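# Tertiary structure, described
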Amino acid sequence: MTTNIADRATAGISLAGLTKSFPSPQGRVHAVRGIDIDIAPGETVALLGPNGAGKSTTIDMLLGLLPPDSGSVSVFGMRPSEAVRAGAVGGMLQVGGVVQYLTVRELITMVASLYPNPLSVDEAIDLTGIGDIAGRKTTKLSGGQTQRLRFAVALVSNPDLLVLDEPTVALDVQARRDFWATMRTFVGRGKTVVFATHYLEEADAYADRIILMANGSVVADGPATEIKATVGSRTIRTTLPDADLAALAALPGVTNSDAHGDGVTLVCSDSDVALRALLPAYPQARDIEVRGAGLEEAFMQLTGNTIVEESDR
């Protein structure tokens, strides 16, 4: 089956009834347990979950690197292998190195020659900010430079879908910012991006949608704001020297209290009730902030009690 470029504009990515298990001394390890995911063209989707959630196994099946035990994968109306051959998919995985003893430019040029409609080599180099190392041998790159080169290799095919597994590992703070600036440019061209990351702030800031996995299943799927809203608690932070944490925890609407120096944090089941009790009882409290649950709190609540049965697959 083949799909032309016009068809790709309307076809998306579909994972239907996907399962995968692996043999182990104790029997079968179930890495992915019947997930169903549909991704529209142009979406940027973050795949989150603790170690052992099944993220990398799901990505491997999306790329056609692993066959599912059951279920199906469709990428723009094609099987994964067909989509890869057509240059519709670019991937950047946690594992795997780069071809040795070529220069950065030579490697990108070689990869570009494998695809029907690649970016120009200069554009791939400029997009990923590696012009300063374009003439350097791949054996002479630092970890962060190698990661940026791998990103350029993934981009040069000019894919409709870019799949990234922990793409900013080994990058420093500035390189991470530069990476996401490049991603904004890429996404602005109508491309689809699926990325797995353990940096929750990246998912919160850059994903249109978050798919949260635990123990091989999807436990939440939606915009970051929607997932954070599943956690009903709010947090009050205030400066309150010499606070009595037990007394604060006993205030109406407060479920827990903690202190770091003069800073106090109250986890609340009802922040309005808690504030009305806090202010009369502690008029010396200052610098008061009230905020909803963050993505980290939602992540912990939705995945914290899951059983890890496989090692970061």
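From a predicted model like this one, the values you see are computed outputs, not experimental measurements.

Moving on: the sheet that holds strand β8 (residues 209–214). Spatial ordering of the open sheet is given by β5-β6-β7-β3-β8-β9, a layout of six strands whose pairing is mixed. Looking along the sheet, the strands with just one partner apiece sit at the ends: β5 (89–92) and β9 (217–222). Each strand axis lies, on average, 15° off the axis of its neighbour in the sheet, ignoring direction. Strand direction decides the pairing type here: strand β6 (residues 161–165) and strand β7 (residues 192–196), joined by five bridges, are parallel. Counterpart to Leu164 in the pairing with β7 is Phe195. Along the sheet, helix α2 (residues 55–62) contacts β3 (44–48), β6, β7 and β8; its crossing angle with β6, the most-contacted strand, is approximately 150°.

With that out of the way, let us pick up the packing of aromatic side chains. Scanning the model with the defined rule gives four aromatic pairs in all. Ring geometry for Trp180 and Tyr206: centres 4.5 Å apart, planes at 5°, overall stacked. On the criterion of sequence distance, the pair formed by Trp180 in helix α7 (residues 173–187) and Tyr206 in helix α8 (residues 200–206) is long-range, its members being 26 residues apart. Trp180 gets classed as buried once you look at its relative accessible area, which sits at 3%. Given a relative accessible area of 27%, Tyr206 falls into the partly exposed group. Each residue in the set Phe151, Phe179, Trp180, Phe195 and Tyr206 is aromatic and connected to the rest through ring pairs, giving one cluster. We note Arg176 situated over the ring of Tyr199; from NZ or CZ to the ring centre the distance is 3.8 Å.

To continue, consider helix α12 (residues 295–303). Listing the buried residues of α12 in full gives Leu295, Ala298, Phe299 and Thr303. The buried side chains of α12 occupy one side of the element, clustering within an arc of 100° when seen end-on. Lining the buried residues of α12 we find β3, α8, β8, β9 and α9 (224–228).

Here we take up unusual backbone geometry. The phi dihedral of Asn215 is positive, around 55°, even though this residue is not glycine. Its place among the elements puts Asn215 in the loop between β8 and β9.

With that out of the way, let us pick up the side chain of Thr192. With respect to the helices and strands, Thr192 occurs in strand β7. A polar contact of 2.8 Å, which involves the side chain of Thr192, links it to the backbone nitrogen of Gly42. Contacts of Thr192, omitting those with residues within four sequence positions, involve Ile13, Ile39, Ala40, Pro41, Gly42, Glu43, Phe76, Asp160, Leu161 and Leu162.

Calculation criteria
- Residues numbered from 1 in each chain as written.
- Predicted model: local features only at pLDDT ≥ 70, side-chain atom pairs only at ≥ 80, totals over all residues.
- Heavy atoms only, no water.
- Pairing = 2+ DSSP bridges.
- Helix = DSSP H or I, 4+ residues; strand = E, 2+ residues; numbered from the N terminus.
- Axes fitted to C-alpha atoms, helices over the stretch in contact; angles between N-to-C directions.
- Contact = heavy atoms within 4.5 Å.
- Phe/Tyr/Trp six-rings, centres within 6.5 Å; stacked < 30°, edge-to-face > 60°.
- Buried < 20%, exposed > 50% of the residue type's maximum accessible area, 1.4 Å probe, protein only.
- Lys NZ or Arg CZ within 6 Å of the ring centre and 35° of its normal.
- Arc of directions from axis to C-beta.
- Polar contact = N/O pair within 3.5 Å; in protein donor to acceptor, adjacent residues only side chain to side chain.

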